[in-house]
Amino acid sequence: MPEGLTRLRRSRVPAVAIALLCAALATAGCGVGAGDGVGEVSLTVTRDFGAERLAAPEAEAVAESDTVMRVLDRNLPIETSYGGAFVDSIDGLRGDRRDGRPYDWFFYVNGLWSPVGAADYPLRGGDSIWWDYRDWSASTRVSALVGAWPQPFADGYEGGRHPTAVECRGDGAACATVRSRLDDAGATLARPGAKGAIRVLVGPWARLRDDPAAAALEDGPEASGIYADFVREDGAYRLHGLDEAGEPVRQLGLAAGLVAATRRNDAPPVWIVSGSSAAGIRAAADLLGADRLRDRFAVAVDAAEEIPLPIPGGAGG
Amino acid sequence: MRSPFAYVSRPRPLQSASPGAAVAYLGALVVVAFLYSSPLVLAAAGIAAALAGHLAGADRAVRAALRMGLSLALLIVVVNALVVNRGETVLLRLGELPLLGRVDVTAEALAAGAVIGLRAAVAMVGFAVYSACVDPDRVLRALRPLAGRSALTAALISRLVPVAAADAARLREAGSLRGPAAAPLGRAALVRRLTAGSLDRAVDVAATLELRGYSLAPPRPSHVAAFSPRGCGKSSNRRSRYDRRFYATGAALLVAAIVGKVLGADGFHAYPTVRLAIEPSTAALSALIVLSGFAPLRRGRRRVGDV
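About the cut-offs
- Residues numbered from 1 in each chain as written.
- Chains lettered and ligands numbered in written order.
- Predicted model: local features only at pLDDT ≥ 70, side-chain atom pairs only at ≥ 80, totals over all residues.
- Heavy atoms only, no water.
- Contact = heavy atoms within 4.5 Å.
- Buried area = accessible area lost by both parts, 1.4 Å probe.
- Salt bridge = Lys/Arg side-chain N within 4 Å of Asp/Glu carboxyl O.
- Polar contact = N/O pair within 3.5 Å; in protein donor to acceptor, adjacent residues only side chain to side chain.
- Helix = DSSP H or I, 4+ residues; strand = E, 2+ residues; numbered from the N terminus.
- Nonpolar A, V, L, I, M, F, W, Y, C, P; charged D, E, K, R; others polar.
- Pairing = 2+ DSSP bridges.
- Disulfide = S-S within 2.5 Å.
- Buried < 20%, exposed > 50% of the residue type's maximum accessible area, 1.4 Å probe, protein only.
- pLDDT = per-residue confidence, 0-100.
- Axes fitted to C-alpha atoms, helices over the stretch in contact; angles between N-to-C directions.
- Expected span 1.5 Å × (residues − 1).
- Core = buried A, V, L, I, M, F, W, Y, C linked by side-chain atoms within 4.5 Å.
- Patch = residues over 30% accessible without salt bridge, like charges linked within 9 Å, V, L, I, M, F, W, Y side chains within 5 Å.
- Areas by Shrake-Rupley, 256 points an atom, 1.4 Å probe, with all protein chains shown as cover.
- Lys, Arg positive; Asp, Glu negative; His and termini not counted.
- Charge placed at Lys NZ, Arg CZ, Asp CG, Glu CD.
- 1 Å grid on protein atoms, 1.4 Å probe; cavity = no way out; pocket = protein on both sides within 12 Å on 5 of 7 lines; lining within 4 Å.
- Points joined across faces, edges and corners; volume = space filled by probe spheres on them.
- Arc of directions from axis to C-beta.
- Phe/Tyr/Trp six-rings, centres within 6.5 Å; stacked < 30°, edge-to-face > 60°.
- Lys NZ or Arg CZ within 6 Å of the ring centre and 35° of its normal.

Undergrad: Teacher, can you tell me more about the interface of chain B and chain A here?
TA: Often the size quoted for an interface is simply the accessible area lost on bringing the parts together. Taken together, the 19 residues of chain B in the interface contact 24 residues of chain A. Contact between chain B and chain A buries roughly 1,700 Å² in total, counting both sides, with carbon and sulfur atoms accounting for 46%. When the buried surface of chain B facing chain A is broken down by residue, B:R86, B:E88 and B:R93 rank first, second and third, together holding 40% of it. Counting across the interface, chain B meets chain A through three salt bridges. Between A:R70 and B:D104 there is a salt bridge, with its nearest N and O atoms 3.5 Å apart. Where chain B touches chain A, the interface holds 13 residue pairs in polar contact (both at pLDDT 80 or more). When contributions to the side of chain B that touches chain A are tallied by element, the ones reaching two or more residues are β1 (90–97) and β2 (101–106) of chain B. Considering each element in turn, the side of chain B that touches chain A owes the most residues, eight residues, to β1(B). Classifying every residue of the side of chain B that touches chain A by side-chain character gives seven nonpolar, five polar and seven charged.

Below is the structure:
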């Protein structure tokens, strides 16, 4: 082969390599700047399990490279540590010990605790971000909450949409109400047992407690992330409200109902619509809606009184 | 050709000082670099280390360390930008890449990488000045009372770089003697060979030390004086008149760095957005650090009998 041709071929190798690299990067979705818009997300910042709002919910347009941390940083003054991975303080409120109890910032996207850090959580249009500053002495991990309604039913979670399966275990009227509310919220209803479906369990606690996900409620907030307990008394399960420290502070009546959410590891979230009696279950089903669930981790209802859970300022609080 | 990092004896204060004093001074500069993230303070520490090297006559070592340190800093900036997605200001989106996942190049990750790189460069300049200006034999003698049974450790500490530098010079010379038709000896090949043989060479030195009685009790001073030309064995362990200067400078640097840290002189945060606050304490500390670079300055003529 002539030497000139060899040299020409050699000189082309880097150019071809660079061109191939650029083509690969272009295919992978590379670009300059934050990228195109992907819609709007909402940001809520509260303290003490949603008891007090620190920043009104803001709708924020996000780009394809945006993360939970970037949205937070654009809206509120924050301080971080561990190379920007961990939020130390928001608007001057710093993770600390108060009255001997640990407080820190936790975030939820579409009502679910995130398995990855805020700096690594990519966003999609419609996502609902909620930062809460809370006492975590009773439960280090509240894996799911109800205050982001209609999420996760409307837009899914962790980057994908998921169907919703209502598992009715008694009281058809309450089940019908739940299905109707979910339908109105934009959920895609599926048959019970559908793969990857968000489960909504509806029925008296005596029938729900056989479900492994729901049964975690009886093991306390550390296991379930739910600050409530059903205790068998005089042949019936009665609902008890717990405070921030996980201590029972209020025994509710036989007509009390509960709406709560939990999640086991990477399994789809499980919502619980239950009560001690049919009246309680119906009252709980009636709670499903943005107005009555907003900023709540879980809600109990007793004689038309809505009780946020955990119950603020209990004996332990 | 001698490696730029090889020790050369010169009649300068830093070379004349005892190893402990030189290490205290140069070590303080490196400690400051590891304590602080403020680019101003890091730059001041780098300038001070380079200035100290210049005043000690180790310009080649400083230049070589700067070349290597800045190359390493550039590499750190690139790696940090690729592996850290944090930061508010996205400059470039590289999409999903194998092993790395989603890659967003942010201004904050670049700044954080630059600070880490600058820190590494300062440490390299400090170590280069140490290597070129502190006699490894004196370091070895100073280590003997502390690590009498650890010849290998002592040899690694004091001899690894000088031996590697000498080996590099020999290999380079051998490469150049292969004739004009031979392919030039690449730097990568040289580094590979040195790295592969560095531990063996250090073990060789350690074995030699053992054979020469490194672990035995030091001989009596009168005996050493009797068998040493002009009493060198005795005088090499004697304190230098420059020791106090270097100890004092090192201590002052450390105290000032700790006080400055408490007063908030380290006002740099890369995440979530780059924040650089230059307080009066930052400026004062930086000025003090730069001034400390003049510690090896020679004042007037040496008096007879001074070391």
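Picking up after the structure, the text goes on.
Undergrad: How should the sheet that holds strand β12 (residues 189–190) of chain A be read in this particular structure?
TA: Picture the strands of a sheet paired through backbone hydrogen bonds; they go either parallel or antiparallel. Residue and element names in this part refer to chain A. On the basis of which strands lie adjacent, the open sheet formed by seven strands has the order β12-β11-β13-β18-β17-β19-β20 and mixed pairing. With one partner strand each, in any of the chains shown, β12 and β20 (305–309) form the two edges of the open sheet. One ladder, built from five bridges, connects strand β19 (residues 298–302) with β20; its direction is antiparallel. Along β20, the bridge assignment pairs A298 with L309.

Undergrad: Is there a simple way to think about the state of the cysteines in this case?
TA: Defined simply, a disulfide is a covalent bond joining two cysteines at their sulfur atoms. Residue and element names in this part refer to chain A. One pass over the structure, following the stated rule, counts one disulfide over all chains. With its sulfur 1.8 Å from that of its partner, C168 forms a disulfide with C175. One disulfide, between C168 and C175, carries an S-S torsion of 90° and so falls in the right-handed class. Classification of C168 by relative accessible area gives partly exposed; the value is 35%.

Undergrad: Explanation requested: the environment of B:F268 in the structure shown.
TA: All names here are of chain B. Mapped onto the secondary structure, F268 falls in strand β3 (residues 267–269). Its relative accessible area of 10% is what places F268 among the buried residues. Considering only alpha carbons, one finds F268 and S38, 230 residues apart in sequence, at a separation of 5.1 Å. Filtering out sequence-adjacent residues up to four positions away, F268 remains in contact with S37, S38, P39, A111, V115, V274, R275 and L276.

Undergrad: Please clarify how the confidence of the model for chain B should be interpreted in this entry.
TA: Where the model shows low pLDDT, its predicted coordinates should not be examined in detail. Residues and elements named next belong to chain B. Summarising the model, chain B shows a mean pLDDT of 85, and 89% of its residues fall at 70 or more. Long-range and interchain partners of residues 223–235, a stretch whose pLDDT sits below 50, account for five contacts in this model, where long-range means more than four residues apart. On the interface metric, ipTM, the complex scores 0.72, and its pTM is 0.76.

Undergrad: Is there a simple way to think about the sheet that holds strand β16 (residues 248–251) of chain A in this case?
TA: Residues and elements named next belong to chain A. Spatial ordering of the open sheet is given by β14-β15-β16, a layout of three strands whose pairing is antiparallel. Edge positions in the open sheet fall to β14 (228–233) and β16, since each of these has one partner strand only. Across the sheet, the mean angle separating the axes of adjacent strands is 40° when strand polarity is ignored. Here strand β15 (residues 236–242) pairs with β16 via three bridges, running antiparallel. Each residue of the ladder has a partner; that of H240, found in β16, is Q251.

Undergrad: I would appreciate a short explanation of helix α3 (residues 39–55) of chain B in the present structure.
TA: Each full turn of the α-helix corresponds to 3.6 residues, which orients residues three or four apart in the same direction. Residue and element names in this part refer to chain B. Between its first and last C-alpha, α3 extends 24 Å over 17 residues, near the 24 Å set by a 1.5 Å rise per residue. Within the span of α3, buried status applies to V41, L42, A44, A45, G46, A48, A49, A50, A52, G53 and L55. Positive phi appears at G57, one or two residues downstream of α3, with a value of about 80°.

Undergrad: Help me out: how do you make sense of the nonpolar core in this one?
TA: Side chains that are nonpolar tend, in soluble globular proteins, to be buried together. Of all hydrophobic cores here, the largest spans 61 residues; its most connected members are B:L14, B:Y25, B:F246 and B:I289. Sort the elements by how many residues they give to this core and helix α5 (residues 107–133) of chain B lands first, with eleven residues. Ignoring anything within four residues of it in the chain, the contact list for B:Y25 reads B:L14, B:A48, B:A52, B:F246, B:T249, B:G250, B:S292, B:G293, B:A295 and B:P296. Core analysis: the next-biggest nonpolar cluster, separate from the first, contains 28 residues, A:L112, A:Y157, A:I198 and A:I281 among them.

Undergrad: Is there a simple way to think about a positive patch on the surface in this case?
TA: All names here are of chain B. Taken together, the side chains of R2, R60, R63, R67, R172 and R187 define a basic patch exposed on the protein surface. By residue number, the principal contributor to the positive patch is helix α4 (residues 59–83), which donates three residues. Looking at the element boundaries, R60 is found in helix α4.

Undergrad: Got a minute to help me understand the side chain of A:D88 in this structure?
TA: Residue and element names in this part refer to chain A. Position of D88 relative to the elements: it lies in strand β5 (residues 86–90). It turns out D88 is buried and unbridged, and the closest side chain with the opposite charge, R94, is 4.3 Å from it. At 3.1 Å, the side chain of D88 and the side chain of S81 are in polar contact. Setting aside its immediate chain neighbours within four residues, D88 contacts E79, T80, S81, L93, R94, G95 and W105.

Undergrad: Would you mind going over empty space enclosed by the protein with me for this structure?
TA: Remark: the empty space left among the atoms is shown by a probe the size of a water molecule rolled over them. Tallied over the full model, the rule gives three cavities of 30 Å³ or more. Taken as a whole, the largest cavity spans an internal volume of roughly 70 Å³. Taken together, A:T67, A:M69, A:R70, A:D73, A:G84, A:A119, B:R86, B:G87, B:E88, B:Y271 and B:P272 make up the lining of the largest cavity. When its residues are assigned to classes, the lining of the largest cavity shows four nonpolar, three polar and four charged.

Undergrad: How should helix α12 (residues 280–292) of chain B be read in this particular structure?
TA: Residues and elements named next belong to chain B. Compared with an ideal rise of 1.5 Å per residue, which puts 13 residues at 18 Å, α12 spans 18 Å between its outermost C-alpha atoms and is within 8% of the ideal. Here α12 has its buried residues at S281, T282, L285, S286, I289 and S292. Down the axis, α12 shows its buried residues gathered within 130° of arc, on one side only. Exposed and oriented more than 90 degrees from the buried face of α12 are P280 and L291. Against α2 (19–35), α3, α11 (243–263) and β4 (275–277) lie the buried residues of α12.

Undergrad: What am I meant to see in the packing of aromatic side chains here?
TA: The geometry of two aromatic rings is summed up by the distance between their centres and the angle between their planes. All names here are of chain A. This structure, assessed with the given rule, holds 15 aromatic pairs over all chains. Between F49 and F297, the ring centres sit 5.1 Å apart and the planes meet at 70°, which makes this aromatic pair edge-to-face. In this pair, F49 sits in the loop between β2 (37–47) and β3 (52–63) while F297 sits in the loop between α8 (290–293) and β19, placing the two residues 248 residues apart along the sequence. The residues F49 and F297 share a single accessibility class, namely buried. For the pair W205 and F230, a centre-to-centre distance of 4.8 Å together with 10° between the ring planes defines the contact as stacked. Here the residue W205 occupies a position in helix α4 (residues 205–208), and F230 occupies one in strand β14, the gap between them amounting to 25 residues. Taken together, F49, Y108, W130, Y227 and F297 form an aromatic cluster joined through their ring pairs. If you follow R98 out to its NZ or CZ, it ends over the ring of Y103, 5.9 Å from the centre. Above the face of the F106 ring, R134 is positioned so that its terminal group lies 4.1 Å from the ring centre.

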